[in-house]
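Structural characterization, general
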Amino acid sequence: MANPHFLPFKSVRPNLEKGRGARSNVSGRYEADQRERFDDGWDSLSDDDKKGRETTVTIERPKTIINKVTSPYVGFERSINPYRGCEHGCIYCFARPTHAYHGLSPGLDFETRLFAKPDAPTLLEKELSAPKYKVRAISIGTNMDAYQPIEREMKIVRGVFEVLSEFNHPVSVLTKSNLILRDLDVLAPMGRKEIARCMISITTQDRSLARAMEPRCPTPEKRFEAIEGLAKAGIRTGIMLGPMIPGLNDSELESIMARAAELGATYSAYTILRLPQEVSPLFREWLETFAPNRARRIMHHIRTMNNGKDYDPAWSRATESRTPFAKLIEQRYRLSQKQTGIIRREDHKPLRCDLFRVPTRIHGQGDLFFKN
C-alpha cells in the first residue's frame with residue numbers, strides 16, 4: 001500500500017545523480033574550501049554529471065580488523081567493518097559523517113567512493129589466534145552494510161564468516177540485503193551451534209518510499225524473504241525497525257513486526273531517526289523534495305525529541321523516552337511485542353562463547369588456546 005504522505009514527483013532541486021540517495025555533495029566539514037556542484041540552468045553540467053557517476057572502490061590495508069567499541073549507546077563491544085561508505089545510499093544513514101575523515105563528502109561521495117578491506121579474513125585469523133585474545137561476540141554491519149552491492153564480487157564478508165566459523169567464534173550481523181542468504185552454508189551451522197544470529201532492517205513496506213530513502217537496497221519484499229530464509233535455516237533471526245521517522249513511516253511499526261514474526265523473527269529492536277552532523281541537512285534536503293507537505297511537521301517531531309535541536313544524543317539516545325511522541329512509539333513497540341511474541345534484542349539469549357577454539361592447523365594444539 002502506498003504511503004499517503006509520500007509524494008514521488010520531480011524534484012524542485014534536480015537530483016544530480018540518478019539512483020542515489022543524497023541530493024548534493026557538499027564538502028566535508030574538515031575541508032578548508034567548501035564546494036558543491038549545482039545545475040545553473042545553462043546546461044553547464046557534463047554528461048557524466050547528468051547520468052550519474054560510477055561507484056569506485058579504494059583498497060585499504062589496515063593492520064587490524066577488530067574494532068573495540070566503547071560507546072555507551074550501543075550494545076556490543078567489538079565490531080568489524082569490511083567496507084567504508086555504503087552504496088545502498090540510505091539518506092538517513094548515521095554513518096555518513098565518517099566520510100569527512102577521508103576528506104570526502106558525507107553526501108554523494110559516501111555512496112559512490114567506497115573503501116574495501118580485502119585482507120579482513122587474514123587479519124581476523126591472526127587476531128583470533130593471538131594467545132591473549134579473549135572471546136567477545138563480534139558485530140558486523142553496525143557502521144555500514146556488509147552486504148552492500150560490492151560484496152557480491154569482493155566476498156570479503158563471506159571470508160570473514162568462514163574464519164569465524166572455523167574458530168567457532170560468536171557473531172551477530174545486521175543488514176538490509178537478502179544477499180546474506182548466499183552465505184547460508186556457513187551461517188546455518190553456526191546458527192545451530194548458537195554462535196550466530198542475524199537481524200534484517202526494514203523501514204517501510206512501501207516500495208516507492210523505500211526506493212527514494214534507500215535507493216540501492218533490496219526491496220522490502222526481498223528483505224522479508226531474507227527473514228524467512230534465515231529462520232528456516234535455524235538461525236536466530238530478528239527484525240530491526242529503523243529508523244522510525246515520525247510522520248513518515250512510524251505508522252508501519254506494527255504491520256512490519258507482525259509480518260516479520262509470521263516469517264520467523266524471534267527478537268527485535270527499533271531506532272528513531274538520528275541526524276548527526278551532515279546527516280541533518282542532507283535529510284532535510286531530501287525531505288523537502290519527496291515529502292514537502294509533511295516536512296515541517298516531521299522536523300518538528302524530530303526536534304521535539306532532541307531538546308529543540310536536529311540531534312541531541314543525550315535526549316534521542318537516553319535510556320528512557322523523555323517526550324510524548326517518543327513515549328508513544330515505545331508504548332506501541334512494547335504492545336506489538338506482546339501481540340507478536342517477539343522479544344527485545346537485549347532480552348535474547350546471549351551467543352555462546354564457550355565453543356571458541358583456535359584451529360589445530362594454526363597451533364597444532366588448538367584446545368590449549370581456549371579462552372572465554
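Everything below is about the structure shown above.
Now for a description of the structure that goes with this document.

Rules and cut-offs
- Sequence order sets the numbering: in each chain, residues are counted from 1 along the sequence as written.
- pLDDT decides what is reported in this predicted model: residues at 70 or higher carry local features, side-chain atom pairs at 80 or more are listed and counted, and totals for whole chains, interfaces and linings draw on all residues regardless.
- Side-chain figures throughout are based on the complete set of non-hydrogen atoms in the structure, without hydrogens or water.
- Elements are defined by DSSP. Helices are runs of H or I of four residues or more, strands are runs of E of two residues or more, and each kind is numbered from the N terminus.
- To sort residues, take the accessible area from a 1.4 Å probe on protein chains only and compare it with the maximum for the residue type: under 20% means buried, over 50% means exposed, and anything in between is partly exposed.
- Should any heavy atoms of two residues lie within 4.5 Å, those residues are considered in contact.
- To be clear on the numbers: accessible area is Shrake-Rupley with a 1.4 Å probe, and residue cover counts the displayed protein chains and nothing else.
- Lines fitted to C-alpha atoms define the axes here, with helix axes fitted over just the stretch in contact, and angles between the N-to-C directions of these axes take values from 0 to 180 degrees.
- Working definition: roughly parallel below 35 degrees, roughly antiparallel above 145 degrees, roughly perpendicular at 65 to 115 degrees, and oblique for all remaining angles.
- The hand of a helix crossing depends on one turn: near helix anticlockwise from the far one by less than a right angle means left-handed, and clockwise means right-handed.
- When residues are grouped by polarity, Ala, Val, Leu, Ile, Met, Phe, Trp, Tyr, Cys and Pro land in nonpolar, Asp, Glu, Lys and Arg in charged, and all others, Gly among them, in polar.
- Any two strands are treated as partners once DSSP identifies two or more bridges connecting them.
- For this analysis, a ring pair means two rings from Phe, Tyr or Trp (six-membered ring only for Trp) whose centres lie within 6.5 Å, classed as stacked if their planes differ by under 30 degrees, edge-to-face if by over 60, and tilted for the remaining angles.
- In this scheme, the term charge over a ring applies when either NZ of a lysine or CZ of an arginine sits within 6 Å of the ring centre and within 35 degrees of the ring normal.
- Crossovers are marked right-handed if the path from the first strand over the helix to the second runs clockwise, as seen with the strands pointing away from the viewer.
- Take a side-chain nitrogen of Lys or Arg and a carboxyl oxygen of Asp or Glu: if they are within 4 Å of each other, that pair is a salt bridge.

**So, the overall build of the protein chain**
- In terms of regular secondary structure, the protein chain is built from 14 helices and eleven strands.
- Here the protein chain, with 372 residues, has 51% of them falling under the buried criterion.
- Long-range pairs, those at least 24 residues apart, make up 78% of the contacts in the protein chain between residues at least 6 apart in sequence.
- Accessible area for the protein chain stands at about 17,500 Å²; split by element, carbon and sulfur atoms hold 51% of it.

**Quick look at the environment of serine 321**
- Secondary-structure assignment places serine 321 in the loop between helix H12 (313–316) and helix H13 (324–340).
- Its relative accessible area of 23% is what places serine 321 among the partly exposed residues.
- Expressed as a C-alpha distance, the spacing of serine 321 and methionine 305, which sit 16 residues apart in the sequence, is 8.6 Å.
- The residues touching serine 321, leaving out its near neighbours within four places in the chain, are Ala326, Lys327 and Glu330.

**Focus on the packing of helix H3 (residues 120–129) against helix H5 (residues 156–166)**
- The interhelical angle for the contact between H3 and H5, taken along N-to-C directions, is 20°, at an axis separation of 8 Å. With respect to their mutual orientation, H3 and H5 come out roughly parallel. Regarding H3 and H5, the two cross each other, and that crossing is right-handed. For the pair H3 and H5, the contacting residues are Ala120, Pro121, Leu124, Glu125 and Leu128 in the first and Ile156, Gly159, Val160, Val163 and Leu164 in the second.
- A breakdown of the residues in the contact of H3 with H5 according to their chemical character gives eight nonpolar, one polar and one charged.

**Quick notes on the sheet that holds strand S5 (residues 113–116)**
- The three strands are arranged S1-S5-S4 in an open sheet whose pairing can be described as mixed. The outermost strands of the open sheet, each flanked by one partner alone, are strand S1 (56–59) and strand S4 (83–84).
- Of the strand pairs in this sheet, S1 and S5 are connected by four bridges, and their pairing is parallel. When the bridges of S5 are listed, isoleucine 59 appears paired with alanine 116.

**Topic: H5**
- The buried fraction of H5 is high, at eight of eleven residues.
- Listing the buried residues of H5 in full gives Ile156, Val157, Arg158, Gly159, Val160, Phe161, Val163 and Leu164.
- Taken from the residues just after H5, asparagine 168 is the one with a positive phi, measuring 55°.

**A closer look at the packing of aromatic side chains**
- Applying the stated criterion to the full structure yields five aromatic pairs.
- Plain terms: the ring middles of tyrosine 133 and phenylalanine 356 are 5.8 Å apart, the flat faces sit at 45° to each other, and that makes the pair tilted. Here phenylalanine 356 lies in the loop between strand S11 (343–344) and helix H14 (360–363) and tyrosine 133 lies in the loop between H3 and strand S6 (138–140), a separation of 223 residues in the sequence. The residues tyrosine 133 and phenylalanine 356 share a single accessibility class, namely buried.
- Both rings, one in tyrosine 270 and one in tyrosine 333, keep their centres 4.6 Å apart while their planes meet at 50°; by these two values the pair is tilted. Of this pair, tyrosine 270 sits in strand S10 (residues 267–272) while tyrosine 333 sits in helix H13; the two residues are 63 residues apart in sequence, bridging distant segments of the chain.
- In this structure an aromatic cluster arises from ring pairing among Tyr133, Phe167 and Phe356.
- Looking at arginine 197, its charged tip hangs above the ring of tyrosine 267, at a distance of 5.7 Å from the centre.
- The side chain of arginine 259 reaches across the aromatic face of phenylalanine 224, ending 4.3 Å from its centre.

**Focus on the pairing of strand S7 (residues 171–175)**
- Within S7, four of the five residues are buried, leaving the element largely enclosed by the surrounding structure.
- Bridge count between S6 and S7: three bridges; the pairing is parallel. Bridge assignment links isoleucine 138 to a residue of S7, and that residue is valine 171.
- Of the strand pairs in this sheet, S7 and strand S8 (residues 196–202) are connected by five bridges, and their pairing is parallel. Directly across from valine 171, in S8, lies its bridge partner alanine 196.
- With respect to chirality, the unit in which S7 leads through helix H6 (residues 184–192) into the neighbouring parallel S8 is right-handed.

**Quick notes on the pattern of salt bridges**
- Under the definition given, this model contains 25 salt bridges.
- Of the charged contacts, one joins arginine 303 and aspartate 310 as a salt bridge, the two residues approaching to 2.6 Å between their closest N and O atoms.
- We classify aspartate 310 as buried; its relative accessible area is 15%.
- Of the charged contacts in the structure, one is a salt bridge between glutamate 330 and arginine 334, with a shortest N-O distance of 3.5 Å. One end of the pair, glutamate 330, and the other, arginine 334, are both in helix H13, four residues apart, so they sit about a helical turn from each other.
- The exposure class of arginine 334 is partly exposed, given its relative accessible area of 28%.
- Counted as one network, the salt bridges with shared partners bring together Glu151, Arg158, Glu162, Arg182, Asp183 and Asp185.

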